[in-house]
Amino acid sequence: MISGAVRDELIARYSEPHRRYHTMVHIEDCLAQVAASTDLDETQRALMDAAIWFHDAIYDATRNDNEAASAQLAADQLAAEGAPPAFIDEVVRLILLTAGHSVQAGDVPGARLVSIDLSILGAEPDRYDAYAAAIREEYAHVPEPLYRAGRAAILGRFLESEALFADPIWAGRYETQARANLTREIAALTA
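Criteria and thresholds
- Counting starts from 1 at the beginning of each chain's written sequence and moves along it residue by residue.
- Only residues with pLDDT of 70 or above have their local features reported here, since the model is predicted, and side-chain atom pairs are shown and tallied only from 80 upward, although totals for entire chains, interfaces and linings are computed over all residues.
- Hydrogens and water molecules were not included; the side-chain quantities draw on all heavy atoms of the structure.
- Per the convention used, a helix needs a DSSP run of H or I reaching at least four residues, while a strand needs a run of E reaching at least two, with both numbered from the N terminus.
- Each radius of gyration is computed over the set of C-alpha atoms, and the globule rule expresses the reference value as 2.2 Å times the number of residues to the power 0.38.
- When a carboxyl oxygen of Asp or Glu lies within 4 Å of a side-chain nitrogen of Lys or Arg, that pair is called a salt bridge.
- The pairing test for Phe, Tyr and Trp rings, Trp by its six-membered ring, is centres within 6.5 Å, and the orientation test on the planes gives stacked under 30 degrees, edge-to-face over 60, and tilted for anything in between.
- Only protein chains enter the area calculation, which uses a 1.4 Å probe; residues under 20% of their type maximum are buried, those over 50% are exposed, and those in between are partly exposed.
- Grouping buried Ala, Val, Leu, Ile, Met, Phe, Trp, Tyr and Cys residues that are joined through side-chain atoms within 4.5 Å yields what is termed a nonpolar core.
- Any two residues whose heavy atoms approach within 4.5 Å are treated as being in contact.

Let us now look at the overall build of the chain. Within the chain, the secondary structure is distributed over nine helices and zero strands. Moving toward the C terminus, one meets the helices and strands of the chain in the order α-α-α-α-α-α-α-α-α. Computed over its C-alpha atoms, the radius of gyration of the chain comes to 16 Å, within 12% of the 16 Å expected for a compact globule of 191 residues. Along the first, second and third principal axes, the C-alpha set of the chain runs to 55 × 35 × 25 Å.

The structure is reproduced here in structure tokens:
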């Protein structure tokens, strides 16, 4: 569904010099998780792939509308590629879910997408620490005390949630390690 020219544009976006975590490495990791999801049919896989390719296409840590801008870019690019309106609408919906990472009960594709996007939280400690350092670099413009307080608050809200991963398969894989990682990072941020 995504042409080579659009893919090249997206790769260029994910290669922007201000990005440290929201790069092609993140996209490739997410796409690999979709590819390994044997329970998805061809249409679901195409929707997930498109949503992943576009979900962080617009990324600027000084903005608060990255997901909305990325969703608009997806709508425009997919329409230009001749994608059906229902496909475009679902890709846009999925991208917008990554703003808050919460989904309605029964939203299976939404649960899968936000769980894939958050899977780094459940990575092994060294990989998680590299992710946390990369996020700090993306927010280098934020003074250290403000960053520490803000990041600790965001991570604390994640910890307060009943489940970090809306998809039960991802919860089974990553929930325990993710909670340990978040707890460890919060302790370091508030020390």
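After presenting the structure, the write-up continues.
Turning to the pattern of salt bridges, a few remarks are in order. Enumeration over the complete set of coordinates arrives at 14 salt bridges. Here glutamate 137 and arginine 20 are joined by a salt bridge, their closest N and O atoms 3.0 Å apart. Taken together, the residues span a long stretch of sequence, with glutamate 137 in helix α7 (residues 125-138) and arginine 20 in the loop between α1 (4-14) and α2 (24-35) at a distance of 117 residues.

On to the packing of aromatic side chains. What the rule picks out here adds up to four aromatic pairs. On the basis of an interplanar angle of 75° and a centroid distance of 4.9 Å, the ring pair of tyrosine 21 and tyrosine 131 is categorised as edge-to-face. One end of the pair, tyrosine 21, is in the loop between α1 and α2; the other, tyrosine 131, is in helix α7, with 110 residues separating them in the sequence. Taking the relative accessible area as the measure of exposure, tyrosine 21 reaches 13% and is therefore buried. An aromatic cluster is present here, built from Tyr21, Tyr128 and Tyr131 joined pairwise through their rings.

A separate point is the nonpolar core. Formed by 59 residues in total, the largest nonpolar core has its most connected members in Phe54, Leu78, Val91 and Phe165. Setting aside its immediate chain neighbours within four residues, valine 91 contacts Leu47, Ala50, Ala51, Ala74 and Leu78.

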